[in-house]
Amino acid sequence: MPGQILAEEGCCGEVEIAPGTSWSCPHGLERWRGHCGCRAGGPASWSQAWKTPLREALAWLREQAALAWQREAVGFFQDPARALDEAVDLFPDYPRPAWEAFLGRHGKATLAERDAARAQGLLEAQRLSLYALTSCCFFFDDLSGLEPAQNLRFAGKALELLAGFDGTDRTAAFLERLGPARGNDPLAPAGADLFASLRSEEHTSELQSRQVIS
């Protein structure tokens, strides 16, 4: 890890990173947000224009989660920024001893059990909204790939958590931004349809799990 190397070896010089550049191709950041033309596979005729509306939708969701945090976290945590930084050690399963210790360090003294559960949902929405922007989602060739589907699953859960938290269903606004995303496979669903099918799969899986448990 770069941080570990820096701690062990120290700094041997400074470099300046040119803005808008990347390691993957000569088109800078376009690999992750538009049709740069570079690809890992697939026909040369395939368009990557789907990346733009997908990124806009996911970036909008991230902003919605951040706004919810800025508005609400102050009611749960003494120092919301510090709490958010240290919450990374809790992800993804929030072990109970670690969670209780975390609340002891960061939670407000008046935090009730119900509020603690809401605070966890708010934290989880932050995590998932960031996961939804994982770079591999935009690196490959088509909207129908595994990576965009996984990121849309993260987005769907983040939307669900935010709605459960403040009662605002942001799905329609998200789909409005995602709607223009069209992949290259004529048999694969477009962005909004892909999202709907993935959410349907998630809900079916949840119902089946409850039936098995009961």
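Remember, predicted model here, so these are calculated numbers, not experimental data.

> What am I meant to see in the overall build of the protein here?
Each helix and strand in the protein was counted, giving nine helices and zero strands. Ordering the α and β elements of the protein from the N terminus gives α-α-α-α-α-α-α-α-α. On the principal axes, the C-alpha backbone points of the protein span a range of 60 × 55 × 30 Å. In the protein, which comprises 214 residues, the share counted as buried stands at 36%. Restricting to contacts in the protein with at least 6 residues of sequence separation, those with at least 24 account for 64%. Considering the protein, the positive charge centre built from 21 side chains and the negative charge centre built from 29 side chains are found 4 Å apart.

> Please clarify how the environment of Gly 183 should be interpreted in this entry.
Examined against the element boundaries, Gly 183 turns out to sit in the loop between helix H8 (171–178) and helix H9 (191–213). Gly 183 gets classed as partly exposed once you look at its relative accessible area, which sits at 32%. For the pair Gly 183 and Gln 48, spaced 135 residues apart in sequence, the C-alpha to C-alpha distance is 7.7 Å. When near neighbours in sequence (up to four residues on either side) are disregarded, Gly 183 contacts Asp 142 and Leu 143.

> Please explain the environment of Ala 87 as it appears in this structure.
Note on placement: Ala 87 falls in the loop between helix H3 (80–86) and helix H4 (96–106). On the basis of relative accessibility, which here comes to 0%, the residue Ala 87 falls in the buried class. Residues contacting Ala 87, with those up to four places away along its chain left out, are Phe 102 and Leu 123.

> Please clarify how the packing of helix H7 (residues 146–166) against H8 should be interpreted in this entry.
In helix packing, the relevant descriptors are the interaxial angle and the interaxial distance, both defined with respect to the helix axes. Packing of H7 against H8 leaves a shortest axis separation of 11 Å and a crossing angle of 155°. Overall, the two elements H7 and H8 adopt an arrangement that is roughly antiparallel. The element H7 and its partner H8 pack so that their crossing is right-handed. On H8, the residues touching Leu 152, Ala 155 and Leu 159 of H7 are Thr 171, Phe 174 and Leu 178. Residue composition of the contact of H7 with H8, by class: five nonpolar, one polar and no charged.

> In this structure, what is going on with the nonpolar core? I would like to understand it.
Considering soluble globular proteins, one finds that nonpolar side chains tend to be buried as a cluster. In this structure, Leu 54, Phe 77, Phe 102 and Phe 174 are the most contacted members of the largest nonpolar core, which totals 46 residues. Elements that contribute at least two residues to this core include exactly helix H2 (51–72), H4, helix H5 (113–131), helix H6 (136–139), H7, H8 and H9. Excluding residues that lie within four positions of it along the chain, Phe 77 makes contacts with Trp 69, Ala 83, Phe 102, Leu 103, His 106, Gly 107, Lys 108, Ala 119 and Leu 123.

> What is the right way to read the environment of Ala 112 from this model?
When you line up the elements, Ala 112 lands in the loop between H4 and H5. Here Ala 112 falls in the partly exposed class, since its relative accessible area comes to 38%. Measuring from C-alpha to C-alpha, the distance between Ala 112 and Phe 76 comes to 9.4 Å, with 36 residues separating the pair along the chain.

> Help me out: how do you make sense of the packing of aromatic side chains in this one?
Both the distance between ring centres and the angle between the ring planes are used here to describe each pair of aromatic rings. A full pass over the atoms with the stated rule returns 13 aromatic pairs. An angle of 45° between the planes, with centres 6.0 Å apart, marks the rings of Trp 32 and Phe 139 as tilted. Residue Trp 32 is found in the loop between helix H1 (2–9) and H2, and its partner Phe 139 is found in helix H6; the two are separated by 107 residues along the sequence. Phe 139 carries the same exposure label as Trp 32, and that label is buried. Between Phe 76 and Phe 77, the aromatic rings sit 6.4 Å apart at their centres with planes inclined by 75°, giving edge-to-face as the arrangement. A residue is classified by how much of its surface remains accessible, and Phe 77, at 0% relative accessible area, is buried. Through a chain of ring-to-ring contacts, three or more aromatic side chains come together here, namely Trp 69, Phe 76, Phe 77, Phe 91, Tyr 94, Trp 99, Phe 102 and Phe 165.

> Even after reading the chapter, I still don't get H4, so can you show me in this structure?
Structural remark: α-helix, 3.6 residues per turn; residues separated by three or four positions point the same way. Residues Trp 99, Phe 102, Leu 103 and His 106 constitute the buried set of H4. Along the axis of H4, the buried positions cluster into a sector of 95°, meaning they face one direction only. In H4, the exposed residues that point more than 90 degrees away from the buried face are Pro 97 and Gly 104. Where H4 is buried, its residues touch H3 and H5.

Rules and cut-offs
In this convention, every chain numbers its residues from 1, walking through the sequence in written order. Totals for whole chains, interfaces and linings use every residue, but because this is a predicted model, local features are given only for residues with pLDDT of at least 70 and side-chain atom pairs only at 80 or more, for both listing and counting. To get the side-chain values, take all heavy atoms of the structure and skip hydrogens and water. Secondary structure elements follow DSSP: runs of H or I of four or more residues count as helices, runs of E of two or more count as strands, with numbering from the N terminus. Accessible area is worked out with a 1.4 Å probe on protein chains only. A residue is then buried under 20% of its type maximum, exposed over 50%, and partly exposed in between. Every residue pair with non-hydrogen atoms within 4.5 Å of one another is taken to be in contact. Counting rule applied: Lys, Arg positive; Asp, Glu negative; His and chain ends not counted. A charge is said to be at NZ when it belongs to Lys, at CZ for Arg, at CG for Asp and at CD for Glu. For helices, the fitted line uses only the C-alpha atoms of the stretch in contact; every axis is such a line through C-alpha atoms, and the angle between N-to-C directions lies from 0 to 180 degrees. Angle categories: roughly parallel below 35 degrees, roughly antiparallel above 145, roughly perpendicular from 65 to 115, and oblique for all the rest. Here a crossing is called left-handed whenever its near helix is offset anticlockwise from the far helix by less than a right angle, and right-handed whenever the offset is clockwise. Amino acids are sorted into nonpolar (Ala, Val, Leu, Ile, Met, Phe, Trp, Tyr, Cys and Pro), charged (Asp, Glu, Lys and Arg) and polar (every other residue, Gly among them). Note on terminology: a nonpolar core comprises buried Ala, Val, Leu, Ile, Met, Phe, Trp, Tyr and Cys residues joined through side-chain atoms within 4.5 Å. Pairing of aromatic rings covers Phe, Tyr and Trp, the last counted by its six-membered ring, and requires centre-to-centre distances within 6.5 Å; plane angles under 30 degrees mean stacked, over 60 mean edge-to-face, and any other angle means tilted. Note that the arc is computed from the directions linking the helix axis to the C-beta atoms.

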